[in-house]
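Each chain, letter by letter, is given below.
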Amino acid sequence: MKLILASNNAHKLREFREILSPLGIEIIPQSEAGCHFEVDETGTTFEENAYLKAAAVTTATGLPAVADDSGLVVDALNGEPGIYSARYTGNHADTDADRTALVLKKMVGVEQRSARFVSCINCTFPNGDRIDTRGECEGHIQQEATGQNGFGYDPIFRPVGYACSTAEMTPDEKNAISHRGKSLREFYEKLKEYLNAHK
């Protein structure tokens, strides 16, 4: 089975391939499937935006597609950056460092620093079937960025029970607790059930 990832993000592609490889599924980025478009993420939740992205690629290709919409939710910022995590500064060309710097700037002097990473995965099939999963990782916003691994807001996020940021963890350590790791493992189980039922 070929599954199209409704993204060209190399980090996401690697994570999906690592966790889903035992199912023998070929996962390709949307660019390889000829989908050279950006989907307008007009949803108000991670779930809605994941569905919009996957459905657009399935409609364009006639093949199953999977999308992840994820981000950082900071309680003291009323849930920001939330669904706008990838474009929090308002400029899509800005870097991860620019976006993490903005969060740290808004958190100056704030004592309540609880936050969580959220990942929602949606898989759409040409027959209209869909699979949805959600994973969360609770933690806190650090006072400063630390670590060189990971991407996005990893350098400022310290998971509950850890004394380091997710950017200081190895990929295996991060996958074991991460929001996307959780939603991907649940997706793996649901997809396996779905494929067994449709043999």
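Predicted model only: the values in this text are computed from it and were never measured.

Describe the overall build of the protein chain, with residues and values.
When you go through the protein chain residue by residue, the secondary structure sums to five helices and six strands. In the protein chain, the succession of helices and strands from N to C terminus is β-α-β-α-β-α-β-β-β-α-α. Taking 16 Å as the expected radius of gyration for a compact globule of 199 residues, we find that the protein chain reaches 17 Å, a close match to that expectation. The principal-axis extents of the C-alpha atoms in the protein chain amount to approximately 55 × 30 × 25 Å. Here the protein chain, with 199 residues, has 47% of them falling under the buried criterion. Across the protein chain, the fraction of contacts at a sequence separation of at least 24, relative to all contacts at a separation of at least 6, is 57%. Accessible surface for the protein chain amounts to roughly 9700 Å². Of this, 50% is attributable to carbon and sulfur atoms.

Quick one: what's the story with the packing of aromatic side chains, residue by residue and with numbers?
Per the counting criterion, the structure on display carries two aromatic pairs. Taking 4.5 Å as the distance between ring centres and 50° as the angle between the ring planes, the aromatic pair formed by Phe 117 and Phe 157 counts as tilted. Here Phe 157 lies in strand β6 (residues 157-159) and Phe 117 lies in strand β4 (residues 114-124), a separation of 40 residues in the sequence. For Phe 117, a relative accessible area of 6% puts it in the buried group.

I'd like to hear about the pairing of strand β1 (residues 2-5), residue by residue, with values.
Inspection of the sheet shows β1 paired to strand β2 (residues 26-29) by four bridges, in the parallel sense. Paired with Leu 5 across the strands is Pro 29, a residue of β2. Tracing the backbone out of β1, into helix α1 (residues 10-20) and back to the parallel element β2 gives a crossover that is right-handed. Direction of pairing for β1 relative to strand β3 (residues 65-74): parallel, over a ladder of two bridges. Each residue of the ladder has a partner; that of Ile 4, found in β3, is Ala 65.

Before we move on, could you go through the pattern of salt bridges and cite the residues and values that matter?
If you walk through the whole model with that rule in mind, you get 17 salt bridges. Across the pair Lys 174 and Asp 154 runs a salt bridge, and its minimum N-O distance is 2.7 Å. Here Lys 174, found in helix α4 (residues 171-177), pairs with Asp 154, found in the loop between β5 (130-141) and β6; they are 20 residues apart in sequence, far enough to count as distant. In terms of burial, Lys 174 and Asp 154 fall into one category: buried. Glu 186 is the partner of Lys 190 in a salt bridge, and the nearest nitrogen-oxygen pair spans 3.4 Å. Residue Lys 190 and its partner Glu 186 are located together in helix α5 (residues 179-197), separated by four residues, close to a single helical turn. Looking at Glu 186, the relative accessible area reads 30%, which means it is partly exposed.

For the side chain of Ser 114, give the residues involved together with the corresponding values.
Within the secondary structure, Ser 114 sits in strand β4. A polar atom in the side chain of Ser 114 sits 2.6 Å from the side chain of Asp 75. Other than its neighbours up to four places away in sequence, Ser 114 contacts Val 74, Asp 75, Gly 139 and His 140.

Describe the sheet that holds β5, with residues and values.
On the basis of which strands lie adjacent, the open sheet formed by six strands has the order β2-β1-β3-β4-β5-β6 and mixed pairing. Two strands lie at the open edges of the sheet, namely β2 and β6, each paired on one side alone. Sheet twist, expressed as the average angle between the axes of neighbouring strands with direction ignored, equals 35°. In the packing of α5 onto the sheet, the strands contacted are β1, β3, β4 and β5, and the crossing angle to β5 comes to about 160°.

Conventions adopted
- All residue numbers here refer to positions counted from 1 along the written sequence of the relevant chain.
- Selection of residues for local features in this predicted model requires a pLDDT of at least 70, selection of side-chain atom pairs for listing and counting requires 80 or more, and totals for whole chains, interfaces and linings are taken over all residues.
- With hydrogens and water set aside, each side-chain value is computed from the structure's full complement of heavy atoms.
- Numbered from the N terminus, helices here are DSSP runs of H or I no shorter than four residues, and strands are runs of E no shorter than two.
- The reference for a compact globule is 2.2 Å times residues^0.38; the radius of gyration itself is calculated from the C-alpha atoms.
- Relative accessibility decides the category of a residue: with a 1.4 Å probe and only protein chains considered, values under 20% of the type maximum give buried, values over 50% give exposed, and everything between is partly exposed.
- A contact between two residues is defined here by any heavy atoms of the two lying within 4.5 Å.
- Here the open area of atoms and residues is found with the Shrake-Rupley method and a 1.4 Å probe, where only the protein chains shown may cover a residue.
- Note on aromatic contacts: the rings of Phe and Tyr and the six-membered ring of Trp form a pair at centre separations within 6.5 Å, being stacked when their planes are under 30 degrees apart, edge-to-face when over 60 apart, and tilted otherwise.
- Two strands pair if DSSP finds at least two bridges between them.
- Orient the strands so they point away from the viewer; a crossover is then right-handed if the path from the first strand over the helix to the second runs clockwise.
- A side-chain nitrogen of Lys or Arg and a carboxyl oxygen of Asp or Glu constitute a salt bridge if their distance falls within 4 Å.
- N or O atoms within 3.5 Å of each other form a polar contact, as long as, within protein, one can give a hydrogen and the other can take it, and as long as residues adjacent in sequence are counted only when both atoms are side-chain atoms.
- Comment: axis = line fitted to C-alpha atoms, over the contacting stretch for helices; angle = value between 0 and 180 degrees taken between N-to-C directions.

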